[in-house]
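Chains, contacts and geometry: an overview
Now for the letters of each chain:
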Amino acid sequence: IFFVREPLRKIITATEGVAGGSFAKIDIKRGDEIGQVVQAFNSMVDSLKEKTKEVTTLINALRDSEQRYRILFESAVEGILVTEIKTKKFKYANPALCEILGYTEKEFEQMTLFDIYPKDKLESALSQLETMAKGGKILTSDVAYCRKDGTIIYADIKGTKILVDQTECILIHF
């Protein structure tokens, strides 16, 4: 019974360790079924260590990539606006656009396309949105926008359709 109970206890302890993130191998050399279980366990530990390294490398690469793109988005001198096609809600606005139109990023998150266009220019804006929603790209000059303080400004815009978080959106550069 000792020849079975003690190795099983070590296997159970090592398995609990793996569940807790410790990838320690078991040092039992036997030629029977217990030895086969230990070999399979140690092989699994090696595989888990390798997969953990791969996942850690991917997570670090993703973090670095996200940081690079965040810096590009937040440091851009032109305004960038991401708008959901279906709801016309703003998904993202960079700091440059916040400065151009006078709204905070939080305010943009509560707004829609209808909030930044003068009422008499809304039909034209919706037409441009439809063009982009169908996959077209636009480059338009002197588009009227309402700033938070009520003044009207004119900007050249470039826009295209993109997919963000599995949602169809329009990316507009001011």
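The following refers to the structure shown. These figures come from a predicted structure and were not determined experimentally.

Rules behind the numbers
Residues numbered from 1 in each chain as written. Predicted model: local features only at pLDDT ≥ 70, side-chain atom pairs only at ≥ 80, totals over all residues. Heavy atoms only, no water. Patch = residues over 30% accessible without salt bridge, like charges linked within 9 Å, V, L, I, M, F, W, Y side chains within 5 Å. Areas by Shrake-Rupley, 256 points an atom, 1.4 Å probe, with all protein chains shown as cover. Salt bridge = Lys/Arg side-chain N within 4 Å of Asp/Glu carboxyl O. Helix = DSSP H or I, 4+ residues; strand = E, 2+ residues; numbered from the N terminus. Buried < 20%, exposed > 50% of the residue type's maximum accessible area, 1.4 Å probe, protein only. Core = buried A, V, L, I, M, F, W, Y, C linked by side-chain atoms within 4.5 Å. Contact = heavy atoms within 4.5 Å. Pairing = 2+ DSSP bridges. Axes fitted to C-alpha atoms, helices over the stretch in contact; angles between N-to-C directions. Disulfide = S-S within 2.5 Å. Phe/Tyr/Trp six-rings, centres within 6.5 Å; stacked < 30°, edge-to-face > 60°.

A few words on a nonpolar patch on the surface. The grouping of Phe-3, Val-4, Leu-8 and Ile-12 at the surface amounts to a nonpolar patch, some 400 Å² of accessible area in total. Tracing the backbone shows Phe-3 in helix 1 (residues 2–19). For Phe-3, a relative accessible area of 62% corresponds to the exposed category.

The biggest cluster of nonpolar side chains holds 26 residues, and the ones touching the most others in it are Leu-81, Phe-108, Ile-116, Tyr-117, Tyr-145 and Phe-174. Of all elements in the fold, only strand 2 (90–93), helix 3 (95–101), helix 5 (122–133), strand 3 (138–146), strand 4 (152–164) and strand 5 (167–173) reach the threshold of two or more residues within this core. Per-element tally for this core: the top contributor is helix 5, with 5 residues. Leave out the neighbours within four places in its chain, and Phe-174 touches Glu-78, Gly-79, Leu-81, Leu-97, Tyr-145, Ala-155, Asp-156 and Ile-157.

This part is about the sheet that holds strand 5. As summarised here, the arrangement of the 5 strands in space is 2-1-5-4-3, forming an open sheet in which the pairing is antiparallel. Two strands close off the open sheet at either side, each with one partner strand: strand 2 and strand 3. Pairs of neighbouring strands in the sheet enclose a mean axial angle of 30 degrees, with direction left out of account. Across 3 bridges, the pairing between strand 1 (residues 80–84) and strand 2 is antiparallel. If you follow Thr-83 over to strand 2, its bridge partner there is Phe-90.

Moving on, we come to the pattern of salt bridges. Throughout the structure, instances matching the rule amount to 13 salt bridges. Across the pair Glu-74 and Arg-70 runs a salt bridge, and its minimum N-O distance is 3.4 Å. On the criterion of helical spacing, the pair formed by Glu-74 and Arg-70 is a turn pair, its members being 4 residues apart in helix 2 (residues 33–75). The exposure class of Arg-70 is partly exposed, given its relative accessible area of 42%. Glu-168 is the partner of Lys-161 in a salt bridge, and the nearest nitrogen-oxygen pair spans 3.1 Å. With a relative accessible area of 43%, Glu-168 lands in the partly exposed category. A cluster of three or more residues bridged by salt bridges with shared partners is formed by Glu-66, Arg-70 and Glu-74.

A word on the state of the cysteines. As used in these notes, a disulfide is a covalent bond between sulfur atoms, one from each of two cysteines. A full pass over the atoms with the stated rule returns 0 disulfides. You can see Cys-98 has no disulfide; the closest cysteine sulfur is in Cys-146, sitting 16 Å from it. Looking at Cys-98, the relative accessible area reads 11%, which means it is buried.

Bringing the packing of aromatic side chains into the picture now. Scanning the model with the defined rule gives 4 aromatic pairs in all. On the numbers, 5.7 Å between centres and 65 degrees between planes, the contact of Phe-90 with Phe-108 is edge-to-face. Of this pair, Phe-90 sits in strand 2 while Phe-108 is found in helix 4 (residues 105–109), placing the two residues 18 residues apart along the sequence. Of the two residues, Phe-90 and Phe-108, neither departs from the other in class, the shared state being buried. When the centroid spacing of 5.4 Å and the interplanar angle of 65 degrees are considered together, the rings of Tyr-103 and Phe-108 count as edge-to-face. Phe-108 sits in the buried class, given a relative accessible area of 1%.

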